[in-house]
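Given next are the chains, with one letter for each unit.
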Amino acid sequence: MIEPENKRGLWTSKIGFIFAAAGSAIGLGNIWRFPYVTGENGGATFVFIYVFFILIIGLPIMISELTIGRKTRRNPFGAFRMLKPKGYWKLAGGLGVLTGTLILSFYSVIAGFTIGYFFLILSGKFRSIHDVSQSAGIFENFSGNPVNTIGLSVLFILLTGLIVIKGISKGIEKWSKIFMPLLLVLLILLVFRSVTLEGSLKGLEFYLKPDLSKVSVSTFIQALGQALFSLSLGGGGMMTYGSYLSKKDNLVSSAGYIAGFDTLIAILAGLIIFPALFAMGGDPEGGPGLIFVTLPSLIMKMPGGIIFGASIFLLLTLAALTTTISLLEIPVAYLVDEKGWSRKKATVLASLIVFLLATPSALSLGASPWFSNMPFLKIGFMDFIVIVFANYALVTGAFLIAVFVGFSWGIKPALEEIELFGNLFRYKKSWTLLVRYICPLAILSILGYMIFTGNYF
Ligand code: TRP
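It should be emphasised that the depicted structure is a prediction, and the values quoted were computed from it without experimental measurement.

## Regarding the overall build of the protein chain
Part 1: The helix and strand inventory of the protein chain stands at 19 helices and zero strands.
Part 2: Here the protein chain has a C-alpha radius of gyration of 21 Å; the compact-globule value for 457 residues is 23 Å, and the two agree.
Part 3: Taken along its principal axes, the extent of the C-alpha atoms in the protein chain is 60 × 50 × 45 Å.
Part 4: Taken over 457 residues, the protein chain has a buried fraction of 60%.
Part 5: Within the protein chain, contacts between residues separated by at least 24 positions form 80% of all contacts whose residues are at least 6 apart in sequence.
Part 6: For the protein chain, the accessible surface area stands at approximately 18000 Å², while carbon and sulfur atoms represent 70% of it.

See below:
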């Protein structure tokens, strides 16, 4: 039985879906964030804790999101409403749509930076750079210039919109099948280049050597938060992509592939950054500035540095683009399902809204003193959005999804959807236990930690 392609669209193949969903998961979170968080939190020990959380929290929630999406064939708001028409559950879905949209608003600014830096490096700007302070100066000028920051985020939103407007199979799936293999090849080449540099071993040691002294409560919070963010959970992303899945596809094995790819790429990304950094004599404690400040200050010390540096930013751009596509699809699906709009109209409007929301973030890295350090909050607008949406709302969303499946909509109907077409779910007992008790408790503890300590992941 072939399902008719409805107005909303469907993935045409399982592999197409896996490329698209892995493309959503694999983003700046993997290539930019995972390596330095790992470096700061005890290397291999952190990787171990991270993989553990992917297995016991990430996977069960991903299966839940995909199941809700495919069962209802709706955007997150419509999905919750369809399953529980009465009461407040639909607000949980609405929160997902909002979270996805606002994550996209700041994400597109940083994604724009990666395009900007690609060209900046190619232009030879870093040729005359000898130390980190000079490269920090370039970054300050760059991020403080509104033409750069707004212009590049508009460019990124535009690129994203041009793909999303073409629809699920002819837009998102088609381009994911091009971008993901490209990303993989580029990544492997870069890893190879990096680990064969002289002196790279020290970098591997810093990155992966288990160091228990760096492990604390916050390490666990970081690992769990990073796992949810990296798998695109809690913000309606996987639920939306799941809504275009064929009823015949195996949800559990799909989730396994996506999580596996995502984790592998994150670990490999660290094998590019740290070996190169140490080979060139850099300081690993670069934090978030590692990619935009430390790395560019060093690449010229390396033979073929311009190519190496530009390729890293191309890799980041590709990874970010397949992620922004999935983020834009969340409000687009909402507008198509709930307002009955054409995909074209929905994409144009959603892109415009994202642009408006992205502008204050783009101005908050130095261009506008007001947005860069807001009254009362004492932080920049982008940091504020990151805290509220990429931390609180995302974690709350993941919590609500687990409770919804575990206790409200129900384990039984979820299992029926998962096991359609004879797709036996071997681990349903463990999944039930995890979704009902372990996931909500673990996620609640991150929320509590954030509220009481004011630290975020
Ligand atoms: N997973 C993405 C990354 O690692 C970012 C992300 C977080 C996301 N939440 C999402 C993407 C929700 C889509 C939907 O870069």
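## Quick look at the environment of Leu104
Part 1: If you trace the backbone, Leu104 turns up in helix H5 (residues 89-122).
Part 2: Taking the C-alpha atoms as reference points, Leu104 and Thr324, separated by 220 residues in sequence, lie 6.3 Å from one another.
Part 3: Contact partners of Leu104, with chain neighbours within four places excluded, come to Thr324, Leu327, Leu328 and Val354.

## Here's the deal with the site of the ligand
Part 1: Near the ligand there are 16 residues, and of these Gly29, Tyr107, Phe229, Ser230 and Ser232 occur at the shortest range.
Part 2: Measuring from an oxygen atom of the ligand, one finds a backbone N or O atom of Ala25 at 3.1 Å.
Part 3: The contact in question runs from an oxygen atom of the ligand to an N or O atom on the backbone of Leu28, over 3.3 Å.
Part 4: Calculation on the ligand without its partners gives an accessible area of 370 Å², and the protein chains cover 100% of this total.
Part 5: Counting only elements with at least two residues in the shell around the ligand, the list comes to helix H1 (14-25), helix H2 (28-40), H5, helix H10 (217-230) and helix H14 (305-339).
Part 6: Residues of the shell around the ligand, tallied by class, amount to seven nonpolar, nine polar and no charged.

## Examining the packing of aromatic side chains
Part 1: For the structure shown, the criterion picks out 32 aromatic pairs.
Part 2: Aromatic pair Phe46 and Tyr50: ring centres 6.3 Å apart, planes at 20 degrees, arrangement stacked. One end of the pair is Phe46 and the other is Tyr50, both in helix H3 (residues 44-72) and four residues apart, which spans about a single turn.
Part 3: Given a relative accessible area of 0%, Phe46 falls into the buried group.
Part 4: On the accessibility criterion, Tyr50 (0% relative accessible area) is buried.

## What about the packing of helix H7 (residues 146-164) against H14?
Part 1: One can describe the packing of H7 onto H14 by two numbers: an axis separation of 9 Å at closest approach and a directional angle of 65 degrees. Judged by the twist between their axes, the crossing of H7 over H14 is right-handed. Contacts between H7 and H14 involve Phe156, Leu159, Thr160, Gly161, Ile163 and Val164 from the former and Thr317, Ala320, Leu321, Thr324, Ile325, Leu328, Glu329 and Val332 from the latter.
Part 2: A breakdown of the residues in the contact of H7 with H14 according to their chemical character gives nine nonpolar, four polar and one charged.

## Overview of the nonpolar core
Part 1: Trp11, Phe17, Ile57, Ile61, Ile68 and Trp431 are the most contacted members of the largest nonpolar core, which totals 163 residues.
Part 2: For this core, the leading source of residues is H14, giving 19 residues.
Part 3: With near-sequence residues (within four places) excluded, Ile68 lies in contact with Ala79, Leu83, Met239, Ile401, Phe404, Val405 and Trp409.

## Side note on H10
Part 1: Over its 14 residues, H10 extends 20 Å from the first C-alpha to the last, a length consistent with the 20 Å expected when each residue adds 1.5 Å.
Part 2: With eleven of 14 residues buried, H10 is to be regarded as a mostly interior element.
Part 3: Thr219, Ile221, Gln222, Ala223, Leu224, Gly225, Gln226, Ala227, Leu228, Phe229 and Ser230 are the residues of H10 that are buried.
Part 4: Immediately beyond the C-terminal end of H10, within one or two residues, lies Ser232, with a positive phi of roughly 60 degrees.

## A short note on the side chain of Ser24
Part 1: Tracing the backbone shows Ser24 in helix H1.
Part 2: Apart from residues no more than four positions distant in its own chain, Ser24 is found in contact with Ser232, Met238, Tyr241, Thr322, Thr323 and Ser326.

## With respect to the environment of Gly16
Part 1: Mapped onto the elements of the fold, Gly16 is located in helix H1.
Part 2: Given the relative accessible area of 0%, Gly16 is considered buried.
Part 3: Each C-alpha atom, one on Gly16 and one on Ser176, is 7.4 Å from the other, the two residues being 160 residues apart in sequence.

## Brief notes about helix H15 (residues 343-363)
Part 1: The terminal C-alpha atoms of H15, which comprises 21 residues, lie 30 Å apart, in line with the 30 Å expected from a rise of 1.5 Å per residue.
Part 2: Most pronounced at Leu357, the bend in H15 amounts to some 25 degrees, and the proline Pro360 follows within four residues.
Part 3: For H15, the full list of buried residues reads Arg343, Ala346, Thr347, Ala350, Ser351, Val354, Ala358, Thr359, Pro360, Ser361, Ala362 and Leu363.

## With respect to the pattern of salt bridges
Part 1: Enumeration over the complete set of coordinates arrives at eight salt bridges.
Part 2: Between Glu417 and Lys247 there is a salt bridge, with its nearest N and O atoms 3.0 Å apart. On the criterion of sequence distance, the pair formed by Glu417 in helix H18 (residues 411-418) and Lys247 in the loop between helix H11 (237-242) and helix H12 (251-279) is long-range, its members being 170 residues apart. Of the two residues, Glu417 and Lys247, neither departs from the other in class, the shared state being buried.
Part 3: The closest approach of N and O atoms between Lys428 and Glu419, which form a salt bridge, is 2.9 Å.
Part 4: What makes Lys428 partly exposed here is its relative accessible area of 29%.
Part 5: Each of Arg70, Lys247 and Glu417 takes part in salt bridges that share partners, so that together they form one network.

Quick notes on the rules
Residues numbered from 1 in each chain as written. Predicted model: local features only at pLDDT ≥ 70, side-chain atom pairs only at ≥ 80, totals over all residues. Heavy atoms only, no water. Helix = DSSP H or I, 4+ residues; strand = E, 2+ residues; numbered from the N terminus. Rg over C-alpha atoms; globule rule 2.2 N^0.38 Å. Buried < 20%, exposed > 50% of the residue type's maximum accessible area, 1.4 Å probe, protein only. Contact = heavy atoms within 4.5 Å. Areas by Shrake-Rupley, 256 points an atom, 1.4 Å probe, with all protein chains shown as cover. Near = heavy atom within 4 Å. Polar contact = N/O pair within 3.5 Å; in protein donor to acceptor, adjacent residues only side chain to side chain. Nonpolar A, V, L, I, M, F, W, Y, C, P; charged D, E, K, R; others polar. Phe/Tyr/Trp six-rings, centres within 6.5 Å; stacked < 30°, edge-to-face > 60°. Axes fitted to C-alpha atoms, helices over the stretch in contact; angles between N-to-C directions. Left-handed = near helix turned anticlockwise from the far one by under 90°. Core = buried A, V, L, I, M, F, W, Y, C linked by side-chain atoms within 4.5 Å. Expected span 1.5 Å × (residues − 1). Bend = angle between axes of the 7 residues up to and from the residue. Salt bridge = Lys/Arg side-chain N within 4 Å of Asp/Glu carboxyl O.

Geometry only, nothing functional implied.
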